[in-house]
Amino acid sequence: MTQSADMKRAAKAKGKKTGGGDLGYEAQLWQMADALRGSMDAAEYKHVVLGLIFLKYISDAFEERHETLQAEKVQGADPEDPDEYRSQNIFWVPPEARWAHLKAQARQPTIGQLVDDAMSGVERDNAALKGVLPKDYARPVVDKTRLGSLIDLISNIRIGDKESRAKDVIGRVYEYFLSQFASAEGKKGGEFYTPRSVVKLLVEMIEPYSGRVYDPCCGSSGMFVQSVEFIRAHANGNGNGGKGNGKAKADISIYGQESNYTTWRLARMNLAIRGIEGQIAHGDTFHNDRHPDLKADYILANPPFNISDWGGERLRDDKRWQYGAPPAGNANFAWVQHIVHHLAPAGVAGFVLANGSMSSNQSGEGEIRKNLVEADVVDCMVALPGQLFYSTQIPVCLWFLARDRRNGKFRDRRGQILFIDARQMGRMVDRTHRELADEDIARIAETYHAWRGEKDADAYADIAGFCNSTALEDVRKHGHVLTPGRYVGARAQDDDGEPFEERISRLAAALRGQHAECAKLDMAIVANLKELGFGE
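Residues numbered from 1 in each chain as written. Predicted model: local features only at pLDDT ≥ 70, side-chain atom pairs only at ≥ 80, totals over all residues. Heavy atoms only, no water.

Asks: Go over the pattern of salt bridges with me, naming the residues and quoting the values.
Replies: Scanning all chains against the criterion turns up 30 salt bridges. Between Asp83 and Arg86 there is a salt bridge whose closest N-O contact spans 3.9 Å. Remark: Arg86 and Asp83 occur in helix H4 (residues 82-86); sequence separation between them is 3 residues, near one turn of the helix. Look at Arg86 and you get partly exposed, because its relative accessible area is 38%. The residue Asp297 makes a salt bridge to Arg212 at a minimum N-O spacing of 3.6 Å. Taken as a pair, Asp297 in strand S6 (residues 296-301) and Arg212 in strand S3 (residues 211-215) lie far apart in primary sequence, 85 residues in all. We classify Arg212 as partly exposed; its relative accessible area is 32%. A network of salt bridges, in which partner residues are shared, links Lys56, Asp60, Arg158 and Asp161. (Salt bridge = Lys/Arg side-chain N within 4 Å of Asp/Glu carboxyl O. Helix = DSSP H or I, 4+ residues; strand = E, 2+ residues; numbered from the N terminus. Buried < 20%, exposed > 50% of the residue type's maximum accessible area, 1.4 Å probe, protein only.)

Following this line, the structure appears as structure tokens:
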């Protein structure tokens, strides 16, 4: 496609509609930005676009504060004093990085180098962003004409001023773009993005109101963002309204680690645009645990499924493997035990794993699972429907672990496990992807809260085909397999009130009538064949 055709396609996207209604703001912006991608790989274009959006965000906030300081110069304000901005939790943007400067130069062939210089300047003057921002816009693979058009496009949106921050415009745009890039990248997209509905379910289940929150494989920091949104929503009594009241930052401390360097940068930017502080380290979680002494109150994670090249053969005697050495060819139970190792005495964890983790007996995995169950740390298992993830079409499950299940904060749950079968939930949002609706998330979370005896929760009751509170002895009878379908039973069929004898009589009569009709059709076919000269 030619560049001019790309520009036309981007312009048309402004008014495009889908599903009979106007596209949301984020979707319109995505269509316009994607139209300018050309032949660039989605994995590379992701950093081009998100880096520019981040720069526009901090520039908007800076310019708004700059205008205020200009008006207050007679009172002694200095618009070029970085401390005037840092005191308001606004990033200082040096002159070479200000959006007006880049916009004025957008059509110049040197625009790539100018953007790189802008990113370097922002990092130089803001220690929290050191090593975080992309600085590869001058590369030949980045088409400078399209880059200039992208800058023009982003120039038309306000995402960092006070009004936009109150509406969390940048958060919505970033979240939407991450999801779209994950979809475009397919399997690789799962390395940096966990679908929002899955993250929201995990957070709603374990309720991280206060304390230390840890994600050992944090991707783009979606778990942390949703945790903060959860607290703000419950503090404000509404959804995710604005910046909240600051309670979130005061009540939770965030710790994370990500092995992929470019994904680690995404994580840092994703937190920075929301004003969330966190200790996000870069490195291999198994071989270079950057938070070795951390005992977390809440752990949320979506580890990569079934990875075989995790270097397990070099960690056979690691202190984290208290339930058994995980197989060198599959890291699933290495993740599980790493998570348990980092749980505080009253800590709770919720994480995603492949379905095989619930039943596999290969290479000692069954024995590890048995030891976890017998140690009474498995609190709840949830089977999810397929097609929730961009990285895999296979169905997955959620594990919930609790260090202390005695009658403390909740009721005494020792010797019991809650099984929830949610495989029939969710709705298809396109041909290949499903998502859990808010009512699905609420039903699953409320079931768990009722079962563990939360103060304001409803009374718990088993529901055939959906949930069952199962005694440890029954789990032993099933060989410590944790697949919910084994325990919840069959879904109850709706009773239409028709007596059994009448139903059978009606169905038998219908069957006889269908046989009679079949016989008539056979006779008619034979007669027609005779007329055509094919009869006997």
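Anyway, onward from the coordinates.
Asks: I'd like a rundown of helix H3 (residues 42-71), residues and numbers included.
Replies: Here H3 spans 43 Å end to end across 30 residues, near enough to the 44 Å set by a 1.5 Å rise per residue. With 22 of 30 residues buried, H3 is to be regarded as a mostly interior element. (Expected span 1.5 Å × (residues − 1).)

Asks: Which residues make up the packing of aromatic side chains, and what values do they have?
Replies: Under the defined criterion, the tally for this structure stands at 19 aromatic pairs. For the pair Phe62 and Trp92, a centre-to-centre distance of 5.4 Å together with 75 degrees between the ring planes defines the contact as edge-to-face. With Phe62 in helix H3 and Trp92 in the loop between H4 and helix H5 (99-104), this pair connects stretches of sequence that are 30 residues apart. Accessibility classification places Phe62 together with Trp92 in one group, the buried group. Taken together, a centroid distance of 5.9 Å and an interplanar angle of 85 degrees make the contact between Phe333 and Trp399 edge-to-face. Taken together, the residues span a long stretch of sequence, with Phe333 in helix H14 (residues 332-341) and Trp399 in strand S9 (residues 396-402) at a distance of 66 residues. Exposure remark for Phe333: the relative accessible area of 0% places this residue in the buried category. Through a chain of ring-to-ring contacts, the aromatic side chains of Trp30, Tyr45, Phe177 and Phe181 assemble into a single cluster. The ring of Trp451 has Arg411 lying over it, and the distance from NZ or CZ to the ring centre is 5.1 Å. (Phe/Tyr/Trp six-rings, centres within 6.5 Å; stacked < 30°, edge-to-face > 60°. Lys NZ or Arg CZ within 6 Å of the ring centre and 35° of its normal.)

As far as function goes, none of this settles anything; it's purely spatial.
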